[in-house]
Each structure stands twice: as structure tokens, then as C-alpha cells.
Amino acid sequence: ADKIYSSATLNDPSISNILEDREGNIWLLRWGGLSIIINSKILNYTKNLPGKIVTHLERNQGMLYVAGESGISTKDNNDHIKPLIKSSYVNDLFIHDNKIYSATEQNLSIYDLQGKLLSRIEEPSTTLLRDSQGKIWVGGYYGLHSLQGGKLILELNKSQGMGSNSIWAMMEDSKGHIWVGTE
């Protein structure tokens, strides 16, 4: 079955992330699948996901984009999940202006919503952020970069005072400050 309902608690030590979507649904990203909690029941998805490890979710125009160890899949409102982009391990993704930005261990890739590659920058990328001013930030193993004119511009690294060059998390606070989590 593509989906399995359970009214019991989910005892899974491999939950990598818990997200709430715009509709208030709680999604569990885990090793071996993707789960959503609906009315205190757990719905598990296991088929057509991008690998056994699910790393990130993004919703755009009624479509759910699911990133994982072997690329990106989509899930429509009818619960159909299908592969969209085959790639290496996707660490992070976001969608803006009908483009999918995908951070992988090898590069930053930009695709259209049908999965066609638009551009690729050969720089290992671990995390992405589009701030409130519209600036796109890219974290990786060599510091913090911004995406400007299709190129990555180094903004900050260890030699400039950051604790480490390896960036694993970013967020913007309510005052517009960018917080960076390093190794």
C-alpha cells in the first residue's frame, strides 16, 4: 500500500525533522518514509519517495515537494507521489518564482517546477535560506555565500571570524538577523 493509517504512536528513532505546513498538518520526515498526523492518526507514505531518507518538504501551488537521498519527488492533492528529479542526497530545498533551489553534497541546482535543470553551481551546499529582503543564502563546507547574478559570493567564513566553515543550519529572526549554525 502507498499509505498506511495508524492510531498508535509512532515509535521511530529515526525522525530527522518535524514540520508544520500552511494548513496546520504535522509532517514527520524519517528514515524509510514520510508521515503526516491527521486527527490524531498517523498516515505513512513509503512508495515513490526519493530514497529511504526524507530530508525536506516544501509546498507550492498545491504540490508537495519531497527531498531525499536520491532526489526530489512530488505529491499532489490526490496522494499521488512520483519522482521528479534524480540527484545525489538533497540536504535542503526551497521554491521561489516557480524555481526549485536544491542544495546537495556536490552543488546548488536550480530547476523549473517540471524538473528541468536551469542552472547548476558546483559548490557543495548543505542549507538554503531566502531572507525577508529576497536575498538567497547558501551554506556549505566553505562558509556562507549569497546567490547573486547566478554566482555564489562568499560573505563569511572561518578566516573572517565564523566558528567553522561548515554550515548546517540557517534562519532569519523577526528583526531580520540571519543566524547560522556551524559544525
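Our subject is the structure that appears above.
J.: Would you take a moment to explain the pattern of salt bridges for this structure?
T.: Close approach of charged atoms allows side chains with opposite charge to pair. Under the definition given, this model contains 2 salt bridges. Between K75 and D79 there is a salt bridge, with its nearest N and O atoms 3.1 Å apart. In terms of burial, K75 and D79 fall into one category: buried. With its nearest N and O atoms 3.6 Å apart, the salt bridge here joins E155 to K135.

J.: How should the nonpolar core be read in this particular structure?
T.: Generally speaking, a soluble globular protein has its nonpolar side chains buried in company with each other. Listed in full, the 12 residues of the largest apolar core are W27, L29, L34, I36, L43, Y45, L49, V54, L57, L64, V66 and I81. Only β3 (26–30), β4 (33–38), β5 (41–45), β6 (54–60) and β7 (63–68) provide two or more residues apiece to this core. The residues touching I81, leaving out its near neighbours within four places in the chain, are Y45, K47, N48, L49, S73, T74 and K75. F94, L128, I136 and L147 belong to the second-largest nonpolar core, a separate cluster that totals 11 residues.

J.: Can you help me understand unusual backbone geometry in this one?
T.: In most cases, non-glycine residues show a negative phi, while peptide bonds are predominantly trans. Look at N48: it is not a glycine, yet its phi comes out positive at around 60°. Within the secondary structure layout, N48 lies in the loop between β5 and β6. We note that D79 has phi near 70°; this positive angle belongs to a residue other than glycine. Examined against the element boundaries, D79 turns out to sit in the loop between β8 (71–75) and β9 (81–86). D79 gets classed as buried once you look at its relative accessible area, which sits at 19%.

J.: Just to check I follow, could you spell out the pairing of strand β12 (residues 108–112) for this structure?
T.: As a general feature of sheets, a regular strand has side chains that alternate between the two faces. With 5 of its 5 residues buried, β12 lies for the most part within the structure. The side-chain alternation of β12 yields two buried faces, one formed by L108, I110 and D112 and the other by S109 and Y111. Pairing geometry for strand β11 (residues 99–104) and β12, over 5 bridges, is antiparallel. Note on β12: the bridge partner recorded for Y101 is I110. In terms of strand pairing, β12 meets strand β13 (residues 117–121) through 4 bridges, oriented antiparallel. In the strand pairing of β13, Y111 is matched with L117.

J.: Sorry, what's going on with the packing of aromatic side chains here?
T.: For any pair of aromatic rings, the description rests on two quantities: the centre-to-centre distance and the angle between the ring planes. Counting across every chain of the model gives 3 aromatic pairs. A ring pair is formed by W27 and Y45, whose centres lie 6.3 Å apart and whose planes are at 25°; its orientation type is stacked. Here W27, found in strand β3, pairs with Y45, found in strand β5; they are 18 residues apart in sequence, far enough to count as distant. Accessibility classification places W27 together with Y45 in one group, the buried group. Ring centres 5.6 Å apart and planes at 70° place the aromatic pair Y141 and W168 in the edge-to-face group. Taken together, the residues span a long stretch of sequence, with Y141 in the loop between β15 (136–140) and β16 (144–148) and W168 in strand β18 (residues 167–172) at a distance of 27 residues. Look at Y141 and you get partly exposed, because its relative accessible area is 24%. According to the relative accessible area criterion, W168 is partly exposed, its value standing at 40%.

The rules we used
Note on numbering: residues in each chain are counted from 1, in written sequence order. Confidence filtering applies because this is a predicted model: local features only for residues at pLDDT of at least 70, side-chain atom pairs given and counted only at 80 or more, and all residues used for totals across whole chains, interfaces and linings. Side-chain metrics rest on all non-hydrogen atoms present in the structure, leaving aside hydrogens and water. Only one rule defines a salt bridge in this text: a Lys or Arg side-chain nitrogen within 4 Å of an Asp or Glu carboxyl oxygen. Accessibility here uses a 1.4 Å probe with only protein chains present; expressed as a share of the type maximum, an area under 20% marks a residue as buried, one over 50% as exposed, and anything in between as partly exposed. We call a set of buried residues a nonpolar core when its members are Ala, Val, Leu, Ile, Met, Phe, Trp, Tyr or Cys and they connect through side-chain atoms within 4.5 Å of each other. Counting from the N terminus, the helices are DSSP H or I runs at least four residues long and the strands are E runs at least two residues long. We call two residues in contact whenever any of their non-hydrogen atoms come within 4.5 Å of each other. For two strands to be treated as a pair, DSSP must find no fewer than two bridges joining them. A pair of aromatic rings is counted whenever rings of Phe, Tyr or Trp (Trp by its six-membered ring) have centres within 6.5 Å, and the orientation is called stacked for planes under 30 degrees apart, edge-to-face for over 60 and tilted otherwise.

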